[in-house]
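Residue-level listing of the chains:
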Amino acid sequence: MPVRPVRLSVAALLGACLTTVALASGPTLVLRGDVATTRGLMQDLTTAWAKGGHGRIDVQPFNTASGLDALRSGSADIAGSARPGNGSAQESGLVFTPVAWDALVMITHPSNPVSNLSLKQLHDIYYGKITNWSEVGGRSAPMDVYAVASPGDGVEFSLRKLLFGRGNQPVAAPRLYVNTAKLEEAVALDPKAIGVTTLSRVAGNHKIKMIRIDGTAPSQATVASGSYKLYSPLYLVTNPNSPHAAEAQAFVDFAKGDKAAAVVRRDDALPYDAGSALAAADASRRAQILAAVGAHAVPQPTPATAPAVAAPGATYASRVAIAPTSERTGEARRALEERRAKAAELAAAKASLKGVHGEATTIDAAAARGPKFAKVTASATVKSTAARPRTYKVAKGDTLSSIAHSHALDVSDLRAWNHIKGNDIRTGQVLRLSER
């Protein structure tokens, strides 16, 4: 398999990457969503789209929640998501179209001797029962479990759905990041780290190491055969009420077409229609995983409206029929969604990063659980600012990067808060660890 350049940039580390494909004239669309879907796979597809003379697309990678919010508010025309619609009022009327299959990949530092984990071990790591690398054949060192805020990120949601039967499962992950780009950078610096991303994100990235699951390495071929069990569809999401709905749907159709298939495969993903056997076997695969880890699916409340999913071969007219037809009804619905979203965000903020009891799906005694459960929500930050010290005194051997990493900060923020232009710091120097 050819090695592709690693797709990381300074803008991505700031969480505000904006790439403009400006190779053709025509209507400009905005595509925003999770890093796994938008960066790499969608950037390559939008480049092919522009080269075909269809128009320009601004690609804005961040996370799933931001993409769906932008699509609802009208500041984006397409959203990228690594999870399906959840049937909530906030997502009603949005159409989720699966365009590719991608492997969910566990990554660690290249120096970590652990190269394989069983599904059961992976489940127990996230569940907090396994906390030291020596318990899975590695060195005697505590595990640093890194996670992306869920359900803000579809990759994290999809992994938990497979391992626990629900995507909002609390996990023992004290270090939280806003997207997979941030998580990947952190793992590349920490020999004790483990976290999840996608194959299309990290294939060819020699700064991290991909872990086999039950002896099977993640690859396009093992996903296609179903032998690698941790995979998930990637979706493009559209809003039939958008002013650019027709143009957005035209790009979605292009992303599922024959010309785009080669681009999808080149990025180590599998075109969705090429994985019809995977879709047919999805229920049995999920049951097998839950049986292997000793968990069971938790019945979810039935939503008032089921999420809209585009059927294979569905026409644009049939997709439009899914959405409310009355503009006044649409405005009232959006206002209701905003109120509910704000209430949900407030509730999530109160629950975020607090101990969780009695919510795990695993068939096990509660006393066996580890002590560091965190309820990860879309509003979760990298680290609780209340718990973070306000200043830090530089010790011998410290670097700006090591200080930022140990406090879950960005080097760029440390520079800005302390008026540092380069990387030079001196022993005894007192650094601010927050803006104020």
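Residues numbered from 1 in each chain as written. Predicted model: local features only at pLDDT ≥ 70, side-chain atom pairs only at ≥ 80, totals over all residues. Heavy atoms only, no water.

Asker: Sorry, what's going on with the overall build of the protein here?
Answerer: Counting secondary structure elements, the protein contains 16 helices and 16 strands. Out of the 436 residues belonging to the protein, those deemed buried represent 51%. Sequence-distant contacts, at least 24 apart, represent 76% of the contacts inside the protein between residues at least 6 apart. (Helix = DSSP H or I, 4+ residues; strand = E, 2+ residues; numbered from the N terminus. Buried < 20%, exposed > 50% of the residue type's maximum accessible area, 1.4 Å probe, protein only. Contact = heavy atoms within 4.5 Å.)

Asker: I tried to follow the pattern of salt bridges on my own but got confused; where do I start?
Answerer: Oppositely charged side chains may form a pair once their charged atoms are brought near each other. Here the structure, examined in full by the defined rule, presents nine salt bridges. The partner of Arg83 in a salt bridge is Glu91, with the nearest N and O atoms 2.7 Å apart. Pair check on accessibility: Arg83 and Glu91 agree, each one buried. Residues Glu184 and Arg201 are paired through a salt bridge, measuring 2.6 Å at the closest nitrogen-oxygen approach. Taken together, the residues span a long stretch of sequence, with Glu184 in helix H6 (residues 180–189) and Arg201 in helix H7 (residues 199–202) at a distance of 17 residues. (Salt bridge = Lys/Arg side-chain N within 4 Å of Asp/Glu carboxyl O.)

Asker: Would you explain the environment of Met42 in this entry?
Answerer: If you trace the backbone, Met42 turns up in helix H2 (residues 35–51). Through-space distance from the C-alpha of Met42 to that of Leu236 is 9.4 Å; in sequence the pair is 194 residues apart. Not counting residues within four places of it along the chain, the set of residues in contact with Met42 comprises Leu31, Thr37, Val99, Leu236 and Phe251.

Asker: Explain the packing of helix H4 (residues 119–127) against helix H12 (residues 282–293) here, please?
Answerer: Each pair of packed helices can be summarised by the angle the axes make with each other and by the distance between the axes. With their axes 8 Å apart at the nearest point, H4 and H12 run at an angle of 70° to one another. With respect to H12, the element H4 is oriented roughly perpendicular. Taken together, the residues of H12 that come into contact with H4 (itself represented by Leu119, Lys120 and His123) are Ile289, Ala292 and Val293. Residues that form the contact of H4 with H12 fall into these classes: four nonpolar, one polar and one charged. (Axes fitted to C-alpha atoms, helices over the stretch in contact; angles between N-to-C directions. Parallel < 35°, antiparallel > 145°, perpendicular 65-115°, else oblique. Nonpolar A, V, L, I, M, F, W, Y, C, P; charged D, E, K, R; others polar.)

Asker: Can you help me understand the packing of aromatic side chains in this one?
Answerer: Pairs of aromatic rings are described using the distance from one ring centre to the other and the angle between the two planes. Summed over all chains, the structure comprises eight aromatic pairs. Ring centres of Trp101 and Tyr231 lie 5.7 Å apart, and the angle between their planes is 80°; this geometry places the pair in the edge-to-face category. Taken as a pair, Trp101 in strand S5 (residues 95–108) and Tyr231 in strand S12 (residues 231–238) lie far apart in primary sequence, 130 residues in all. Owing to a relative accessible area of 3%, Tyr231 belongs among the buried residues under this scheme. Each member of the aromatic cluster is reached from another via a ring pair, and the members are Trp49, Phe251 and Phe254. (Phe/Tyr/Trp six-rings, centres within 6.5 Å; stacked < 30°, edge-to-face > 60°.)

Asker: Could you clarify how one ought to interpret the nonpolar core in this entry?
Answerer: A general tendency of soluble globular proteins is for nonpolar side chains to be buried together. Core analysis: the biggest nonpolar cluster contains 77 residues, and Met106, Tyr126, Leu159, Leu163, Leu230, Leu236 and Phe251 have the highest contact counts within it. Ranked by residues supplied to this core, first place goes to S5 with eight residues. Within the second largest apolar cluster, 10 residues are counted, among which are Leu400, Ile403, Leu409 and Leu433. (Core = buried A, V, L, I, M, F, W, Y, C linked by side-chain atoms within 4.5 Å.)

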